[in-house]
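Reading the structure
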Amino acid sequence: MNVLVTGGAGFIGSHACVSLLEEGHNIIILDNYSNSSPEVIDHIKTITGRTFSHYNCDLLDYTQLDTIFGKHEIDAVIHFAGLKSVPESTTIPLTYYHNNLTGTLHLLQIMEKHKVRRLVFSSSATVYGTNNVVPYEESMPTSATNPYGWTKVMIEQMLRDYTSAVPDAAVTCLRYFNPIGAHKSGLIGDNPNGIPNNLMPYVCQAAIGILPSIKVYGTDFPTKDGTGVRDYLHVADLADGHVKALEHLEKAKGFFVYNLGTGQGTSVLELIDTFERVNNIKLKRDICGRRAGDIATSFANVNHAIEEIGWETKYTLEDMCRDSWKFIQTKNKNK
Ligand code: WQD
């Protein structure tokens, strides 16, 4: 299929583009490079040996978006583009609502104008909020505790309503748990601008010496060792989930939601211990208080993805730690 990928130069988007190209699909990448780099485009070409169209495009630019859709025969869209920092969203909520909601509305309006009616949306486990019990299951009620999370809840609702109104539409929301790791080549990975929010990029920057230590946010959670438990999955597995979801939409119509996770929970200390062991590194740990808004435990029920789109994870936590370390070493070897 010809697949337009918004945010295709980002962490998840770039890995999904590699998987799509390796499965024989054609892609068109749109990215405004607000949290990614144009060099990722070259890395995707190097890894796959394939070329493709790509545009520096912001979804808020309705006219440019319309022009791009007019230039290409597009069979489906995978929509990654969006602001995604939980703490930042609490300081600039209107920017998050405008960027994520208006951008998605523009995309849906242009898709409808060009009769493109297959969409895979990058959603998040954050929509499970704080009132559900683990393992999280797709039919559970959604809510959020921050503007970023609310944009995901609201976009899922927009897509549910759009699909109800357009019988020919086929839409899948993929709820990511905690994607970490990097492509085995070391060329692409999680490379956030500025100080990382998330655990693994923080661990990697502490390991390579960019940061002095790793902060452990809270040791008094009701969990196996008192630290936060999450469902970490390899970004390569997550990318494969997008190909499976897209190919499922070649035949299916309607609205679908799938959790993409391993179904297992790993604590902060378990992840740090695993990273140190597989990479033969010792990290300085600062034990801190809880981070505002953090829940104790989050992990997925993944039965629907396994049964309905034939997807399940292949990589281990050791693979995730090894590949993350290789990426940050590759990234910094010329510095
Ligand atoms: C994981 C665990 C922290 C950093 C977030 C977003 C979510 C999604 C994934 C987009 C927690 C602990 C973290 C650190 C730490 N993003 N931690 N020291 O919070 O589960 O999810 O990213 O969709 O929307 O909320 O991921 O990696 O930030 O934290 O101890 O320096 O690591 O307390 O227990 P989180 P995370």
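To be clear, the structure that these remarks concern was listed above.
These notes cover the structure that comes with them. (Residues numbered from 1 in each chain as written. Predicted model: local features only at pLDDT ≥ 70, side-chain atom pairs only at ≥ 80, totals over all residues. Heavy atoms only, no water.)

This part is about the site of the ligand. Within the structure, the ligand sits among 19 residues, and Tyr148, Leu199, Lys215, Arg230 and Asp294 are positioned closest to it. Interatomic distance of 2.6 Å between a side-chain N/O atom of Arg230 and an oxygen atom of the ligand. With the chains in place, 88% of the 680 Å² that the ligand exposes on its own is no longer accessible. Broken down by secondary-structure element, the contributors of at least two residues to the shell around the ligand are α7 (199-207) and β8 (214-217). Examining the composition of the shell around the ligand, we find that four residues originate from one element, β8, more than from any other. Residues that form the shell around the ligand fall into these classes: nine nonpolar, six polar and four charged. (Near = heavy atom within 4 Å. Polar contact = N/O pair within 3.5 Å; in protein donor to acceptor, adjacent residues only side chain to side chain. Areas by Shrake-Rupley, 256 points an atom, 1.4 Å probe, with all protein chains shown as cover. Helix = DSSP H or I, 4+ residues; strand = E, 2+ residues; numbered from the N terminus. Nonpolar A, V, L, I, M, F, W, Y, C, P; charged D, E, K, R; others polar.)

Mapped onto the elements, Arg285 comes out in strand β13 (residues 285-288). For the pair Arg285 and Val203, spaced 82 residues apart in sequence, the C-alpha separation works out to 9.8 Å. Beyond its immediate sequence surroundings of up to four residues, Arg285 is in contact with Ile214, Val216, Leu269, Ile272, Asp273 and Glu276. Only 2.6 Å separates the side chain of Arg285 from the side chain of Asp273, close enough to count as a polar contact. A polar contact is formed between the side chain of Arg285 and the side chain of Glu276, at a distance of 2.7 Å. (Contact = heavy atoms within 4.5 Å.)

None of this, on its own, says anything about what the molecule does.
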